[in-house]
Amino acid sequence: DLVTDSLGNQIIHIVFSNLPPFAVKIVTVEADVDLLETPEASEVSSVLWLGPEPFIETTDPEFKRLAPMFKAADEDVLAADIFKWVSGNLRAAGYTPHDRGALYALKNKTGDCSEFAYLFVALCRANYIQARGVSGYICDRNQILKPDAYHDWAEFYDGKTWKLADPFNNIFGVKSSQYVAMRILGPKGDNPVGDYPRFRYQGEGLEARMND
C-alpha cells in the first residue's frame, strides 16, 4: 500500500505473513525521479511552517536570549543573512544518530547536518519566514543511494516557491536539481514511520536493514 501523511510524504507499507524461522525477504524499490533546475510554484499554509516543534524551539526563553538579530526586510535577503550566520558560526561535528535540535546548535555552535538545518529553520521562523527541514540525498548523476549518504537540509518559502538552503554544505538557492528529497520533516503526528529517518519495521523477532 502507498500511504500519504498530512505533510505529503509517501510511505510504502508492506506486510509479510507467516514468515518461517530464518527466512529472508528482499524488497527492491525502483523509482524514476524528475530533477528540476528551479522549484515549482506552490501554495503553503502560513501557520504550519512558522511555529515551534520538537528540535525547533523558537519559543524557548533561552533560544530567544541567544538568537542573533537580523534586520533585512526582503525575505530572500533575510534568509540569505540567516544562512550566512549559520554557515559561518557553526562548526561541523561528526554524525550523531540522535537529533539535538536548534537550541543545542545555538548554545554549542556545533552539530551535524541536522543541527545546521534545524537552526536555519528556527531562525527563519523566528523572523516570520516559513521554513522546514528536508531529508534525502545529494545526487548529481545516476547512482545507487547508500544509507550513509542520507542528509538533512532546509527549505524556506519566498512567497512563491520553496528554495534550497543547505548550511552544512554552504549551498544556498542553487543546485536544487541535485537534491533528492525523501522526506519533509515536521510534526510527527500521522506519519507511520515516526521518528525513524528512512524505514520502520514491526514484528516479533524481525530484523531489517538497507543494503549498501
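What comes next concerns the included structure. (Residues numbered from 1 in each chain as written. Predicted model: local features only at pLDDT ≥ 70, side-chain atom pairs only at ≥ 80, totals over all residues. Heavy atoms only, no water.)

**A short note on the overall build of the chain**
Here's step 1: Broken down by element type, the chain carries four helices and nine strands.
Here's step 2: For the chain, the succession of helices and strands along the chain, N to C, is β-β-α-α-β-α-β-α-β-β-β-β-β.
Here's step 3: Taking 17 Å as the expected radius of gyration for a compact globule of 212 residues, we find that the chain reaches 18 Å, a close match to that expectation.
Here's step 4: Counting all 212 residues of the chain, 38% fall into the buried class.
Here's step 5: Carbon and sulfur atoms make up 51% of the accessible area of the chain, which totals about 13400 Å².
Here's step 6: Each charge class in the chain was averaged separately, 21 positive and 30 negative side chains, and the resulting centres sit 6 Å apart. (Helix = DSSP H or I, 4+ residues; strand = E, 2+ residues; numbered from the N terminus. Rg over C-alpha atoms; globule rule 2.2 N^0.38 Å. Buried < 20%, exposed > 50% of the residue type's maximum accessible area, 1.4 Å probe, protein only. Areas by Shrake-Rupley, 256 points an atom, 1.4 Å probe, with all protein chains shown as cover. Lys, Arg positive; Asp, Glu negative; His and termini not counted. Charge placed at Lys NZ, Arg CZ, Asp CG, Glu CD.)

**Re the environment of A165**
Here's step 1: With respect to the element layout, A165 can be found in strand β7 (residues 162-166).
Here's step 2: A relative accessible area of 0% places A165 in the buried class.
Here's step 3: In this structure the C-alpha to C-alpha distance between A165 and K175, which are ten residues apart in sequence, comes to 10 Å.
Here's step 4: Not counting chain neighbours up to four residues away, the residues in contact with A165 comprise F83, F120, W153, A154, I171 and F172. (Contact = heavy atoms within 4.5 Å.)

**Section: helix α2 (residues 75-89)**
Every α-helical turn comprises 3.6 residues, leaving residues that sit three or four positions apart pointing alike.
Here's step 1: With 15 residues, α2 should cover 21 Å at 1.5 Å per step; its first-to-last C-alpha distance of 21 Å lies within 8% of that length.
Here's step 2: Within the sequence span of α2, burial applies to L78, A79, A80, I82, F83, W85 and V86.
Here's step 3: Packed against the buried residues of α2 are α3 (101-108), α4 (113-126), β6 (151-157), β7 and β8 (171-172).
Here's step 4: The N-terminus of α2 is capped by D74, whose side-chain oxygen sits 3.0 Å from the backbone nitrogen of D76. (Expected span 1.5 Å × (residues − 1). Polar contact = N/O pair within 3.5 Å; in protein donor to acceptor, adjacent residues only side chain to side chain.)

**Some thoughts on the packing of aromatic side chains**
Here's step 1: Taken as a whole, this structure holds eleven aromatic pairs when the rule is applied.
Here's step 2: With a centroid separation of 5.3 Å and an interplanar angle of 50 degrees, the aromatic rings of Y157 and W162 are classed as tilted. The pair Y157 / W162 is uniform in exposure class, with both members buried.
Here's step 3: An aromatic cluster of at least three residues, connected via ring pairs, comprises F83, F120, F156 and F172.
Here's step 4: Above the face of the W49 ring, R132 is positioned so that its terminal group lies 5.6 Å from the ring centre.
Here's step 5: One residue, R132, lies across the ring of W162, its end atom 3.8 Å from the ring centre. (Phe/Tyr/Trp six-rings, centres within 6.5 Å; stacked < 30°, edge-to-face > 60°. Lys NZ or Arg CZ within 6 Å of the ring centre and 35° of its normal.)

**Things to note about the state of the cysteines**
Working definition of a disulfide: a covalent bond connecting the sulfur atoms of two cysteines.
Here's step 1: For the coordinates displayed, the defined rule picks out zero disulfides.
Here's step 2: C113 carries a free sulfur, and the closest cysteine sulfur to it, the one in C139, is 16 Å from it. (Disulfide = S-S within 2.5 Å.)

**Overview of the nonpolar core**
Here's step 1: Among the nonpolar cores identified, the biggest contains 30 residues, and F63, I82, W85, V86, L119, F120 and L123 are the most heavily contacted of them.
Here's step 2: For this core, the secondary structure elements donating two or more residues are α2, α3, α4 and β6.
Here's step 3: The element contributing the most residues to this core is α4, with nine residues.
Here's step 4: The residues touching I82, leaving out its near neighbours within four places in the chain, are F70, F120, L123, C124 and N127. (Core = buried A, V, L, I, M, F, W, Y, C linked by side-chain atoms within 4.5 Å.)

**Examining a nonpolar patch on the surface**
Here's step 1: Residues L2, I12, I14, F16, L19, V27, V29, F199, Y201, L206 and M210 make up a contiguous nonpolar surface patch of about 960 Å² in total accessible area.
Here's step 2: Inspection of the secondary structure assignment puts I12 in strand β2 (residues 10-12). (Patch = residues over 30% accessible without salt bridge, like charges linked within 9 Å, V, L, I, M, F, W, Y side chains within 5 Å. Salt bridge = Lys/Arg side-chain N within 4 Å of Asp/Glu carboxyl O.)

**Thoughts on the side chain of S176**
Here's step 1: Structurally, S176 can be placed in the loop between β8 and β9 (179-184).
Here's step 2: Aside from chain neighbours lying at most four places away, what touches S176 is L36, E37 and L164.

**Details of the sheet that holds β7**
Within a sheet, each strand pairs with its neighbour through backbone hydrogen bonds, oriented either parallel or antiparallel.
Here's step 1: Strands sit in the order β8-β7-β6-β5-β9 across an open sheet of five strands; the sheet is antiparallel. At either margin of the open sheet sits one strand with a lone partner, and together these are β8 and β9.
Here's step 2: Pairing of β7 with β8, which is carried by two bridges, proceeds in the antiparallel orientation. The partner of D166 across the bridge, within β8, is I171.
Here's step 3: Where α4 meets the sheet, it contacts β5 (131-138), β6 and β7, and its direction lies at approximately 15 degrees from that of β6. (Pairing = 2+ DSSP bridges. Axes fitted to C-alpha atoms, helices over the stretch in contact; angles between N-to-C directions.)

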